[in-house]
Amino acid sequence: MSWKRVLLKLSGEALGHPETGQGIDPDALTSIARQVARIAQLGVEVALVVGGGNLLRGAEFAQGGARRASSDYMGMLGTVINGLALQDAIEGFGVPTRVLTALEIRAVAEPFVRRRALKHLEEGRVVILSGGTGNPFFTTDTAAALRATELGCEVLLKATKVDGVYSADPKKDRRAERFAELTYMDVLAKGLKVMDGTAITLCMENKLPVVVFNLFEEGNMERVVKGEPLGTTIRSGT
Ligand code: UDP
């Protein structure tokens, strides 16, 4: 295994209906859960940060007139719904999990406590981190960078619908090229839409490598944790 402890970032859209990215699609959920269970069974310690864009994005909802902070709290609650769905599906493949939330919802999940999260990881449980950072005006990508750093994960694996980071949108521009390697500064300077600036900056400051890969090719998650060159790797320049 190339990586012993990983932070896997799943966008909410990955769980959504294949065409609309909305809601929770049972087949998408099962396919993702199967892949997560597989890498956990290989002995990789997995912390999973789940987004909520399939249910509600605070910035979009606020455009309808709602206050941004309230909308963001709604968005964070959406990530808890996704976390519970993932918990059930991953445990269906025989792998124990815990859902930890940045916002306390004790009836269904433990509050996030760093030391407790570390203990769960050491004991082989998949730790599902929901509720983002617990603060409005942030994203779950930033939560992923933050938790990866504080939990000592060696890499942030960003699962997406495309097989890496491109110079332009590959669906719109046939000349778009995929980058195999990028530096954090490349991402910031070129304005590449990988993660928001706060998340990338946190990764840069903590020298946390990021691998962007396509989740929808089954088996890719296993290939990535085995260190096969896949997708795009973002790290410091040499
Ligand atoms: N959110 C937030 N603070 C956080 C993380 C998330 O307020 O630390 C809210 C925000 O409204 C965001 C929503 O939760 O739009 C869903 O998260 P995100 O958009 O990051 O999900 P993804 O795009 O990964 O599905």
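Residues numbered from 1 in each chain as written. Predicted model: local features only at pLDDT ≥ 70, side-chain atom pairs only at ≥ 80, totals over all residues. Heavy atoms only, no water.

### Here we look at the overall build of the protein
Right, on to step 1. For the protein, the count of helices and strands is nine helices and 11 strands.
Right, on to step 2. Its C-alpha radius of gyration of 17 Å places the protein within 12% of the 18 Å reference for a compact globule of 238 residues.
Right, on to step 3. Across its three principal directions, the C-alpha atoms of the protein cover 50 × 50 × 35 Å.
Right, on to step 4. Looking at the protein residue by residue over its 238 residues, the buried ones come to 52%.
Right, on to step 5. Distance between charge centroids for the protein: 3 Å, based on 29 positive and 28 negative side chains. (Helix = DSSP H or I, 4+ residues; strand = E, 2+ residues; numbered from the N terminus. Rg over C-alpha atoms; globule rule 2.2 N^0.38 Å. Buried < 20%, exposed > 50% of the residue type's maximum accessible area, 1.4 Å probe, protein only. Lys, Arg positive; Asp, Glu negative; His and termini not counted. Charge placed at Lys NZ, Arg CZ, Asp CG, Glu CD.)

### Looking at the pairing of strand E5 (residues 126-130)
Right, on to step 1. Most of E5 is tucked away: five of the five residues are buried.
Right, on to step 2. Where burial is concerned, the two faces of E5 agree: the one with Val 126, Ile 128 and Ser 130 and the one with Val 127 and Leu 129 are both buried.
Right, on to step 3. Sheet analysis places strand E3 (residues 97-101) next to E5, joined by five bridges and oriented parallel. If you follow Val 99 over to E5, its bridge partner there is Ile 128. (Pairing = 2+ DSSP bridges.)

### Looking at empty space enclosed by the protein
Right, on to step 1. On inspection of all chains with the given rule, the structure shows one cavity of 30 Å³ or more.
Right, on to step 2. In this structure, the largest cavity occupies an estimated 40 Å³ of space.
Right, on to step 3. Lining the largest cavity, in full, are Val 49, Leu 100, Thr 101, Ala 102, Phe 112, Leu 129, Ser 130, Gly 132, Ala 143 and Arg 147.
Right, on to step 4. Elements supplying a minimum of two residues to the lining of the largest cavity: E3, E5 and helix H6 (140-150).
Right, on to step 5. Looking at side-chain class alone, the lining of the largest cavity contains six nonpolar, three polar and one charged residues. (1 Å grid on protein atoms, 1.4 Å probe; cavity = no way out; pocket = protein on both sides within 12 Å on 5 of 7 lines; lining within 4 Å. Points joined across faces, edges and corners; volume = space filled by probe spheres on them. Nonpolar A, V, L, I, M, F, W, Y, C, P; charged D, E, K, R; others polar.)

### Let's talk about the site of the ligand
Right, on to step 1. Near the ligand there are 20 residues, and of these Gly 12, Asp 72, Thr 133, Asn 135 and Thr 140 occur at the shortest range.
Right, on to step 2. Here an oxygen atom of the ligand and a backbone polar atom of Gly 52 are 3.0 Å apart.
Right, on to step 3. Here Thr 133 contributes a side-chain N or O atom positioned 2.7 Å from an oxygen atom of the ligand.
Right, on to step 4. For the ligand, the accessible surface in isolation is 520 Å², of which the surrounding protein chains cover 91%.
Right, on to step 5. In this structure the site holding the ligand corresponds to the largest pocket.
Right, on to step 6. The element contributing the most residues to the shell around the ligand is helix H4 (residues 68-91), with three residues.
Right, on to step 7. Residues that form the shell around the ligand fall into these classes: five nonpolar, 12 polar and three charged. (Near = heavy atom within 4 Å. Polar contact = N/O pair within 3.5 Å; in protein donor to acceptor, adjacent residues only side chain to side chain. Areas by Shrake-Rupley, 256 points an atom, 1.4 Å probe, with all protein chains shown as cover. Sits in = over half its atoms within 2 Å of the grid points.)

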